[in-house]
Amino acid sequence: GQWDAAVAAVRALGGDAEIQLVCHVSPDGDALGSMLGFGLGLRRLGYTRVRATFPGKFTVPTPYAELPGVDLLVPEADAYPAPALVLVFDVAGESRLGGLAARVAAAPVSVVLDHHASNTGFGTIRLVDPRAAATSVLAEQFVARLGVPLDAEIAECFYVALATDTGSFKFDMTTVAVHELAARLIATGLRPGDISRRIFDSRPFGAMKLTGEVLGRAVLEPAAAGGRGLVWTYATLADLARHDQPPYVLDTLIDPVRSVAEADVSVLVRQVAEREWAVSLRSKGAVDVSRLAVSQGGGGHRLAAGFTGFGEPRDVVDIVRRLLDDFLN
Ligand code: 5GP
Ligand code: MN
Ligand code: MN
């Protein structure tokens, strides 16, 4: 049903139709990789007017600035004002689309590709599968159904998306099907070692020093989270400024925090503005953190979720602690 409708929506367009691709604010590897890989697929089909964008500040994290298809990217202000078709990648809800939400709502057809359990059901055609390890799994199915053969450029985009959203093929969603897809992507000639070095192991020295400081102030509360342990830390805009680093260098900082053995739940509180914080939540299994996040107007997956918090870092962690008590009792 939805797949046929999505394929028909693309096929209905002439080669010069304006097609706008969008992904979530502060895009990660899956958002950019699934969007750009699909954009390259549209190009192979002969669509000449394809633009890709995301809301807010036009900063592409350095590791993704060399993805194939990055020339499709334009700042939010240069997105098509009234495209014939909008495709939305890795977006759980319209709040993650900032100023682009209205454009998506106004489009004659909007196809949403997403894998968040908390997806709100927006868009006219919904390719939403919470069992998918990454949105790129769905984007790859879509290009295949459109008859586009995988090539090394498209595959690199999808591979980066898959590798980032599965934590380098470590997380629970890493199924046989995920490895089979990875194998098909690698078979186009990709070099996984080169890609990993570029994406994961190419951090500026300042980012490492900043990471050290933020990890150094982490707090472990063994009795919190229903006795399962809570670990948390925070990073301010002043921290970023002191080390001359852009905010996205903190996007993966939750990973060392969540590795703490004594804690089932981990929290990273990142300053966005005066008294405004992006809160990342991770669970090892006992707690469904997407429920916590949704109750605060955020979203995500069972083991990885986030929301926007206000006040001081302590206030935000107080809320998380209280929610944990509520949800665990
Ligand atoms: P991260 O902690 O890496 O920023 O995000 C973890 C997961 O939670 C991602 O799947 C992301 O989409 C989701 N998420 C994080 N912050 C928010 C938020 O403010 N709102 C919503 N709806 N989802 C979020
Ligand atoms: Mn994402
Ligand atoms: Mn994703």
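Residues numbered from 1 in each chain as written. Chains lettered and ligands numbered in written order. Predicted model: local features only at pLDDT ≥ 70, side-chain atom pairs only at ≥ 80, totals over all residues.

### With respect to unusual backbone geometry
Peptide bonds are mostly trans, and most non-glycine residues show a negative phi.
Reasoning step 1: A positive phi angle is found at serine 26, which is not glycine, with a value near 45°.
Reasoning step 2: Serine 26 gets classed as partly exposed once you count the C-beta atoms within 10 Å, which come to 19. (Buried ≥ 20, exposed ≤ 12 C-beta atoms within 10 Å, placed from the backbone.)

### Quick look at helix α8 (residues 205-216)
Reasoning step 1: Compared with the 16 Å implied by 1.5 Å per residue over 12 residues, the 17 Å span of α8 between its first and last C-alpha is a close match.
Reasoning step 2: If you check which residues of α8 are buried, you get Ala207, Leu210 and Val214. Across the axial projection of α8, the buried residues extend over an arc of 65°, all falling on one side. Of the exposed residues in α8, those oriented more than 90 degrees away from the buried face are Phe205, Met208, Gly212 and Gly216.
Reasoning step 3: In this structure, the buried side of α8 is in contact with β7 (230-235) and α9 (237-242). (Helix = DSSP H or I, 4+ residues; strand = E, 2+ residues; numbered from the N terminus. Expected span 1.5 Å × (residues − 1). Arc of directions from axis to C-beta. Contact = placed C-beta atoms within 7 Å.)

### So, the sheet that holds strand β11 (residues 304-310)
The pairing of strands in a sheet happens through backbone hydrogen bonds and is either parallel or antiparallel.
Reasoning step 1: As summarised here, the arrangement of the 6 strands in space is β6-β7-β8-β9-β11-β10, forming an open sheet in which the pairing is mixed. At either margin of the open sheet sits one strand with a lone partner, and together these are β6 (219-221) and β10 (299-300).
Reasoning step 2: Here strand β9 (residues 276-283) pairs with β11 via 7 bridges, running antiparallel. Each bridged residue has a counterpart across the sheet, and for tryptophan 277 the counterpart in β11 is glycine 309.
Reasoning step 3: Each of β7, β8 (265-273), β9 and β11 touches helix α12 (residues 313-328); the most contacted strand, β8, lies at about 145° to it. (Pairing = 2+ DSSP bridges. Axes fitted to C-alpha atoms, helices over the stretch in contact; angles between N-to-C directions.)

### A look at the UniProt feature "domain: DHHA1" (unreviewed entry) in the protein
Reasoning step 1: Those residues carrying the UniProt feature "domain: DHHA1" (unreviewed entry) are residues 244-311 in this numbering.
Reasoning step 2: Annotated as 18% helix and 38% strand, the span residues 244-311 places its first and last C-alpha atoms 24 Å apart. (UniProt positions renumbered as here; feature names shortened; annotations may be inferred.)

### Some thoughts on the nonpolar core
Reasoning step 1: Core analysis: the biggest nonpolar cluster contains 58 residues, and Val88, Phe89 and Leu113 have the highest contact counts within it.
Reasoning step 2: Per element, the largest residue contribution to this core is 9 residues, and it comes from helix α5 (residues 152-165).
Reasoning step 3: Discounting residues that sit within four places of it in the chain, valine 88 has contacts with Val22, Val104, Ser110, Val111, Val112, Leu113 and Gly123.
Reasoning step 4: Grouped together as the second largest cluster of nonpolar side chains are 31 residues, Ala225, Val231, Trp232 and Ala293 included. (Core = buried A, V, L, I, M, F, W, Y, C linked by C-beta atoms within 7 Å.)

### Section: the pairing of strand β2 (residues 50-53)
Reasoning step 1: One ladder, built from 4 bridges, connects strand β1 (residues 19-23) with β2; its direction is parallel. Bridge pairing in β2 links isoleucine 19 to valine 50.
Reasoning step 2: Running through helix α2 (residues 29-44), the crossover from β1 to the neighbouring parallel element β2 is right-handed. (Right-handed = clockwise from strand over helix to strand, strands pointing away.)

### Focus on the environment of glycine 14
Reasoning step 1: Following the sequence through the fold, glycine 14 ends up in the loop between α1 (2-11) and β1.
Reasoning step 2: On the basis of neighbour count, glycine 14 is assigned to the exposed category, with 10 C-beta atoms found within 10 Å.
Reasoning step 3: Between the C-alpha atoms of glycine 14 and alanine 84, which are 70 residues apart in sequence, the distance is 9.9 Å.

### A look at the site of ligand 1
Reasoning step 1: The full set close to ligand 1 counts 15 residues, and Ser280, Gly298, Gly299, Gly300 and Gly306 are the nearest of them.
Reasoning step 2: For the shell around ligand 1, the secondary-structure elements that each account for two or more residues are β10 and β11.
Reasoning step 3: At 5 residues, the largest contribution of residues to the shell around ligand 1 is made by β11.
Reasoning step 4: Looking at the shell around ligand 1 residue by residue, the class counts come to 5 nonpolar, 9 polar and 1 charged.
Reasoning step 5: Here the shell around ligand 1 spans two domains, since at least three of its residues come from each of domain 1 (2-200) and domain 2 (205-328). (Near = placed C-beta within 6 Å. Nonpolar A, V, L, I, M, F, W, Y, C, P; charged D, E, K, R; others polar. Domains from an automatic or database assignment.)

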